[in-house]
Amino acid sequence: KVYQHFLEKDGLDALDARWAEKIKVEDSDAGALWLVRGILAERRGRSKEASAAFEKVVEVRPDDYRGWVGLGDFLISDTKFEKAAEAFSKALALEVPPSEKLELYKKLAGVQQRNFDEDAALETYRKLAAEFPDAPFALEEVGAACLRADEFVVAKDVYARRFEAAKYVTFRRVMVSMRLAEIDERQDKYDDAIARYEAMLAETSETSWMNRGRWRHRTC
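Q: Talk me through the side chain of Lys-101; I want residue IDs and the actual numbers.
A: Mapped onto the fold, Lys-101 is located in helix α7 (residues 98-114). By relative accessible area, Lys-101 is classed as buried at 17%. Once residues lying within four places of it in the same chain are set aside, the contact partners of Lys-101 are Leu-92, Val-96, Glu-131 and Phe-132.

Q: Can you lay out helix α12 (residues 190-203) for me, pointing to particular residues and giving the numbers?
A: The terminal C-alpha atoms of α12 lie 20 Å apart, and with 14 residues this matches the ideal 20 Å at 1.5 Å per residue to within 8%. By the burial criterion, the buried members of α12 are Ala-193, Tyr-197, Met-200 and Leu-201. Projected onto a plane normal to the axis of α12, the buried residues spread over an arc of 100 degrees and lie on a single side. Within α12, the exposed residues directed more than 90 degrees away from the buried face are Asp-191 and Ala-202.

Q: Report on the nonpolar core, specifying residues and quantitative values.
A: One finds Leu-71, Leu-104, Val-111 and Val-142 to be the most contacted residues of the largest nonpolar core, which totals 55 residues. In terms of residue count, helix α6 (residues 81-92) provides more of this core than any other element does, seven residues in total. Residue contacts for Val-142: discarding those within four places in its chain leaves Tyr-125, Leu-128, Ala-129 and Val-158. With six residues, the next largest nonpolar core counts Met-178, Ala-181, Tyr-197 and Met-200 among its residues.

Q: With reference to specific residues and values, describe the packing of aromatic side chains.
A: Under the counting rule described, the total for this entry stands at two aromatic pairs. Taking the centre distance of 5.7 Å and the plane angle of 35 degrees together, the rings of Phe-54 and Phe-74 count as tilted. Placement of the pair is Phe-54 in helix α4 (residues 47-60) and Phe-74 in helix α5 (residues 65-77), with a sequence separation of 20 residues. Residue Phe-54 shares its accessibility class with Phe-74, and that shared class is buried. Both rings, one in Tyr-105 and one in Phe-132, keep their centres 6.5 Å apart while their planes meet at 75 degrees; by these two values the pair is edge-to-face. Pair noted here: Tyr-105 is in helix α7 and Phe-132 is in the loop between α8 (118-131) and α9 (136-148), with a separation of 27 residues, a long-range link. In this structure Phe-132 comes out as buried when scored by relative accessible area, which is 14%.

Q: Please provide a residue-by-residue account of the pattern of salt bridges, values included.
A: Considering all chains together, one arrives at 20 salt bridges under this definition. For the salt bridge of Lys-106 with Glu-103, the shortest nitrogen-to-oxygen distance reads 3.5 Å. Of the two residues, Lys-106 and Glu-103 are both situated in helix α7; the distance of three residues between them amounts to about one turn of the helix. Between Asp-184 and Arg-196 there is a salt bridge, with its nearest N and O atoms 2.7 Å apart. With Asp-184 in helix α11 (residues 170-186) and Arg-196 in helix α12, the pair connects residues that are twelve residues apart, well separated along the chain. For Asp-184, a relative accessible area of 0% translates into the label buried. Its relative accessible area of 27% is what places Arg-196 among the partly exposed residues. Through salt bridges with shared partners, a single network forms among Asp-13, Arg-44, Arg-46 and Glu-49.

Calculation notes
Residues numbered from 1 in each chain as written. Predicted model: local features only at pLDDT ≥ 70, side-chain atom pairs only at ≥ 80, totals over all residues. Heavy atoms only, no water. Helix = DSSP H or I, 4+ residues; strand = E, 2+ residues; numbered from the N terminus. Buried < 20%, exposed > 50% of the residue type's maximum accessible area, 1.4 Å probe, protein only. Contact = heavy atoms within 4.5 Å. Expected span 1.5 Å × (residues − 1). Arc of directions from axis to C-beta. Core = buried A, V, L, I, M, F, W, Y, C linked by side-chain atoms within 4.5 Å. Phe/Tyr/Trp six-rings, centres within 6.5 Å; stacked < 30°, edge-to-face > 60°. Salt bridge = Lys/Arg side-chain N within 4 Å of Asp/Glu carboxyl O.

This is how it looks when you write it as structure tokens:
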């Protein structure tokens, strides 16, 4: 609302100047003010100003994870993925609320993958799975990442947890079973894979698209 007000009336330069003046006040929350100045500069496409502001945030408040997250987000937009990963890692080393920590882990793994550092991304996914064993969507991402990296032990553990959590939802249980069967196949455990496919067929009706899909996979 503040942004919209200044955009329509006094102009964004006036808003930035207002925050700059507040920073000079002795008892001001300089870290928070530098953070909003950085967000404002980034939103206006002023990369150098944004970078300087975010750097100032972590200088003034090095123990506040929000400054490091803001810096990391900016560095991603500036395609500096390695530095963004460093910023997110520093944020995770601080006290972060659980609801935000899960998303921060995902951000870190994502930027590590964009930087083609698959080993680091996989380690991040392992930590995510360990800290959030009951987060379904996060575990889906962890399992998929582990499968891509041929980390079958971790992937199997993750999908086994997802299977147990989905025991009352047939569709979800069948889809997770598909992943577990794929892991068995890729480890040349064909008898185990076939047993999983047979169990999936028994759980679906003959007219179900899931049944037909599993049967085609089974007969191949």
